[in-house]
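# Fold and geometry: a report
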Amino acid sequence: MAESMKGLHRTCRCAELTENNIGDTVTVMGWVQKNRNKGGLCFVDLRDRTGLLQILFEEDKIGTENFERAGHLRAEFVIAVTGEVAKRGGAVNEDLKTGSIEVIARDLRILSESETPPFPIEENSKTKDEVRLKHRYLDLRRPDLQRNLMLRSKVCMEVRAFLAEEGFLEIETPMLTKSTPEGARDYLVPSRVHPGSFYALPQSPQLFKQLLMCSGYDRYFQIARCFRDEDLRADRQPEFTQIDMELSFVDIDDVIDVNERLLKKVFSIVGVDVELPLQRMPWIEAMNRYGSDKPDTRFGMELVDVTDVVKGCGFGVFTGAIEAGGSVRGLNAKGQGDMPRKKIDKLVDFAKDFGAKGLAYLCVNEDGTYKSSFAKFMSEDELKNLVDAMGGEPGDLLVFAADKNKVVWDVLGNLRLELARQMEIIDESKFNFLWVTEFPLLEYNEDLGRYQAMHHPFTMPMEEDLPFLESDPGRVRAEAYDIVLNGTELGGGSIRIHRDDIQERMFDALGFTKERAYEQFGFLLNAFKYGVPPHAGLAYGLDRIIMLMVGADSIRDVIAFPKVKDASCLMTEAPGTVDTEQLDELGLAITVSEESVKEENAE
C-alpha cells in the first residue's frame, strides 16, 4: 500500500552523491531498478534521472517490518529512503558514477507500487518501437532517452544565453495564423466564430519575424514549434522545433559569423571543438562534386563529370542523354571491382528508386581488362579514356548515370552514400560542418508548369543576377545559405527582399498577380510601405541538432512524445474522432471517399 511522503524532503538526487558525502544522512527518492535479496541483506538499485544508487537494507538497522517490506520491492516501485552514506562494503562498480558508495537505509517508505512493466527499463532497449511508443511514459524512464532530453534542455538554455548576450530578444509569434502557399501542406484548424474559415498552424514564423524587423526589434529569436503535414522520415516529424532568428542591418557574413559562434558554443557541450571559420561551398559546386545540396564531406568518392569524354562514343545511352541536354557522371568505388553481380544488380535497383532508368558499370580487373555492362559498345581507346578520367585502377568499380542533371545528381548523390555505408569508409567520429551558399532562386515545377521559390518568395536574388530575373529565371542565384553537418541539413536562411520593386518582380516570376500577392501576403506587403530595414534570418531544426549530437538514428529518440510514420501517436491514439456536436458547432461534415473505404476493407 502506498504511503505518504509527509514530513520527508528529498535532500539530493541519486547520482549527485559522492565519497565526499560519506557519513552524511540523506533522503533519496526514485524508482526501484533491481532488488537482490541475500537473506540477511537486501540490495536495491534506486534510479532517478541522474543515475543509479545502491541502497543497503540490513534487518538490524531498519527493523524487521521494514526489512520484510524491502525484500518485496519490485521493479518500478517508487520509494523514499533515509539513511547514511557509506563506502561500499563489497566490490566497487566502476561502471557507476556512485559505484564506490551506498546508502545504509534507516527508513523506507513505499510511495507507489507498480505492475510488471511491459518491457525492461534499460539502455539500448531491444523492445519493438511500437511497444515502447505505446508506453512512452515508461520508455522515457530509460537512461539513454533521459540523457538525450536533458541534453536538449541544456542546449536550449545555452542558445538562449548566447543569443541574449548577442543582443537578441526572445519574442513569441502566433500559433494560429493564415494558410500561405508555396510550401509544405498546412495543418488547418477550423474557426467556430468564422464558419467556413480556417487557421493554419505555422510551418515557420517566417512572416511574423520579418514583421518584427519592420517593427524595429533589430534582433529576434524564438525556440518555436512548427507544423508541416508531410510524409515522415527518420529526421522528420509533423510537429517539430526550430531555433529561429532574424537580424536587421546585416549581410551574409554577419549572419554566418554569429551562427558559427553559436554552433561552436552549442557543440562544446558534448566535447566537440568546432574550428572556425567553417567551410563555404556554392550550391553548384556541391551538386557537381557530391550530387547533393547537403553533402557528407567525411569521405571522398566525389562525382566525376565525364560528359565531354564520352561525347560521340558508341554507347547510345550516354550519347542520347548528352544530346537531350543532360550529362554523364560517375563514381569510383575504390577496391570494389570484385563486387558480385548480385550486389551490383541491387545497386542498379537502388539507383532506379531515385529516378534512374538503369546504371552503367565497369569493373577494372587486376590484369587491366574490364568487366562491364557497356564495354562492347565502346572502342578500346574510348574505354581507356573513360577509365583514366575516372582515376580508375585495377580493383576499382566505376558506376555511371546518364540523364538530366537533376536525375544524375539525385541518383549518384544517394548511391555515393549507399556505397560509403557498404564500404564502411565514413568516419563516425567526425563532425564536418559546411555552409552551402548561392542556391538557385527558383526551380521549375513540371507539374505546375511554372517556377517556384526554392526557399520562399521573400528571398533576395544575388544583385549581379537581377538582370536575368525575367529573361532567364533559372539562372538567378539567391542570397541563401544552408548549414550542413555530416550530410544532414541543420538549418537554412537567406537575406530577405526589402525593396518593393524587387518583391514585385519576384512575384511576377512566380506567376503571382498583384491581387493574389496581396490576398496571401497583404499584411506583410502593407508593412513594407512604411520603412523596412535590410534584414536576414536563419532557422535550425533543433531536433536534428540533438539527434546528431547524441548519435541517434532517429529524431524520435530526442523528442519526448513523437509521432510514428503515419503521423499518429501510439500512446494517446491521436488523431481521433470527435463528437457530432463539435462538428456541428464548427459547421463541418465528414465525407469518406470510396478509396478510403476500399483501403479500410482491404486492411
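Shown above is the structure to which this text applies.
Reading guide: rules and limits
- Residues numbered from 1 in each chain as written.
- Predicted model: local features only at pLDDT ≥ 70, side-chain atom pairs only at ≥ 80, totals over all residues.
- Heavy atoms only, no water.
- Disulfide = S-S within 2.5 Å.
- Buried < 20%, exposed > 50% of the residue type's maximum accessible area, 1.4 Å probe, protein only.
- 1 Å grid on protein atoms, 1.4 Å probe; cavity = no way out; pocket = protein on both sides within 12 Å on 5 of 7 lines; lining within 4 Å.
- Points joined across faces, edges and corners; volume = space filled by probe spheres on them.
- Nonpolar A, V, L, I, M, F, W, Y, C, P; charged D, E, K, R; others polar.
- Helix = DSSP H or I, 4+ residues; strand = E, 2+ residues; numbered from the N terminus.
- Salt bridge = Lys/Arg side-chain N within 4 Å of Asp/Glu carboxyl O.
- Expected span 1.5 Å × (residues − 1).
- Contact = heavy atoms within 4.5 Å.
- Patch = residues over 30% accessible without salt bridge, like charges linked within 9 Å, V, L, I, M, F, W, Y side chains within 5 Å.
- Areas by Shrake-Rupley, 256 points an atom, 1.4 Å probe, with all protein chains shown as cover.
- Lys, Arg positive; Asp, Glu negative; His and termini not counted.
- Charge placed at Lys NZ, Arg CZ, Asp CG, Glu CD.
- Pairing = 2+ DSSP bridges.
- Axes fitted to C-alpha atoms, helices over the stretch in contact; angles between N-to-C directions.

### Brief notes about the state of the cysteines
Using the criterion set out here, one finds zero disulfides in the structure. Free of any disulfide, C42 has its nearest neighbouring cysteine sulfur in C14, separated by 16 Å. No disulfide involves C363; its sulfur sits 18 Å from that of C313, the nearest cysteine. A relative accessible area of 0% places C363 in the buried class.

### Quick notes on empty space enclosed by the protein
Applying the stated criterion to the full structure yields two cavities of 30 Å³ or more. The space that makes up the largest cavity amounts to roughly 50 Å³. As for the largest cavity, its lining consists of L133, R136, F561, P562, V564, C569, L570 and M571. A class-by-class count of the residues in the lining of the largest cavity yields seven nonpolar, no polar and one charged. Estimated volume of the second largest cavity: approximately 30 Å³. Taken together, V159, I243, L262, L263, V266, Y540 and I545 form the lining of the second largest cavity. Ranked by the residues each element gives to the lining of the second largest cavity, the list is headed by helix α7 (residues 252-267), at three residues.

### Some remarks on the pattern of salt bridges
Side chains bearing opposite charge may pair, as long as their charged atoms lie close to each other. All chains considered together, the criterion is met by 46 salt bridges. The shortest N-O distance in the salt bridge between R298 and D296 comes to 2.7 Å. Taken individually, R298 and D296 each receive the classification buried, so the pair is uniform in this respect. Each of D129, R132, R136, D139, R142, D144 and R556 takes part in a single network of salt bridges with overlapping partners.

### Structural notes on unusual backbone geometry
That bond from L276 to P277 is cis: its omega, 0 degrees, falls within 30 degrees of zero. For P277, the position within the fold is in the loop between α7 and β11 (279-282). The omega angle of the peptide bond from A574 to P575 is 0 degrees, so this bond is cis rather than trans. In this structure, P575 sits in the loop between α16 (542-550) and α17 (580-586). At D218, a position not held by glycine, the phi torsion is positive, near 75 degrees. Residue placement: D218 occurs in the loop between α6 (206-214) and β9 (219-227). Residue A567 is not a glycine yet carries a positive backbone phi of 65 degrees. The topology assignment puts A567 in the loop between α16 and α17.

### Considering helix α5 (residues 143-165)
Given 3.6 residues to a turn, an α-helix orients residues that are three or four positions apart in the same direction. Compared with an ideal rise of 1.5 Å per residue, which puts 23 residues at 33 Å, α5 spans 33 Å between its outermost C-alpha atoms and is within 8% of the ideal. Where α5 is concerned, the buried positions are D144, L145, Q146, N148, L151, R152, V155, C156, V159, F162 and L163. The inward-facing, buried residues of α5 abut β2 (41-48), α4 (136-139), β9, β10 (239-248), α7 and α16.

### Brief notes about the side chain of K209
Relative to the assigned elements, K209 resides in helix α6. You can call K209 buried: its relative accessible area is 1%. When neighbours within four sequence positions are excluded, K209 is seen to be in contact with Y220, D244, M245, E246, R496 and L538.

### Concerning a negative patch on the surface
Together, E59, D60, E65 and E68 line one region of the surface with negative charge. Of all the secondary-structure elements, those providing two or more residues to the negative patch are α1 (59-62) and α2 (64-71).

### Brief notes about the sheet that holds strand β1 (residues 25-37)
On the basis of which strands lie adjacent, the closed barrel formed by five strands has the order β1-β2-β3-β5-β4 and mixed pairing. On average, adjacent strands in this sheet sit at an angle of 55 degrees to one another, irrespective of strand direction. Two elements, β2 and strand β3 (residues 51-58), share eight bridges in a ladder whose sense is antiparallel. Following the sheet pairing, L46 is matched in β3 by L53. The sheet strands contacting α2 are β1, β2, β3 and β5 (101-112), and the helix crosses β5 at an angle near 85 degrees.

### Comments concerning the layout of surface pockets
A water-sized probe rolled over the atoms picks out the places where empty space is left. The space that makes up the second largest pocket amounts to roughly 490 Å³. G51, L52, E123, P143 and R147 are the residues nearest the centre of the second largest pocket, which is lined by 20 residues in total. Those elements that provide at least two residues to the lining of the second largest pocket are β1, β2, β3 and α5. Looking at which element gives the most residues to the lining of the second largest pocket, the answer is α5, with four residues. Of the residues belonging to the lining of the second largest pocket, the class tally is six nonpolar, five polar and nine charged.

### Examining the pairing of strand β20 (residues 480-485)
Counting buried positions along β20 gives six out of six residues, so the element sits mostly inside the fold. Residues of β20 alternate between two faces, with A480, D482 and V484 on one and Y481, I483 and L485 on the opposite face, all of them buried. In the sheet, strand β17 (residues 433-437) pairs with β20 via five bridges, with the strands oriented antiparallel. Bridging from a neighbouring strand, L434 pairs with V484 of β20. What sits between β20 and strand β21 (residues 488-495) in their antiparallel hairpin is a turn of two residues, with N486 showing a positive phi close to 50 degrees.

### Remarks on a nonpolar patch on the surface
The grouping of M175, L176 and Y199 at the surface amounts to a nonpolar patch, some 250 Å² of accessible area in total. Relative to the helices and strands, L176 resides in the loop between β6 (169-170) and β7 (188-190).

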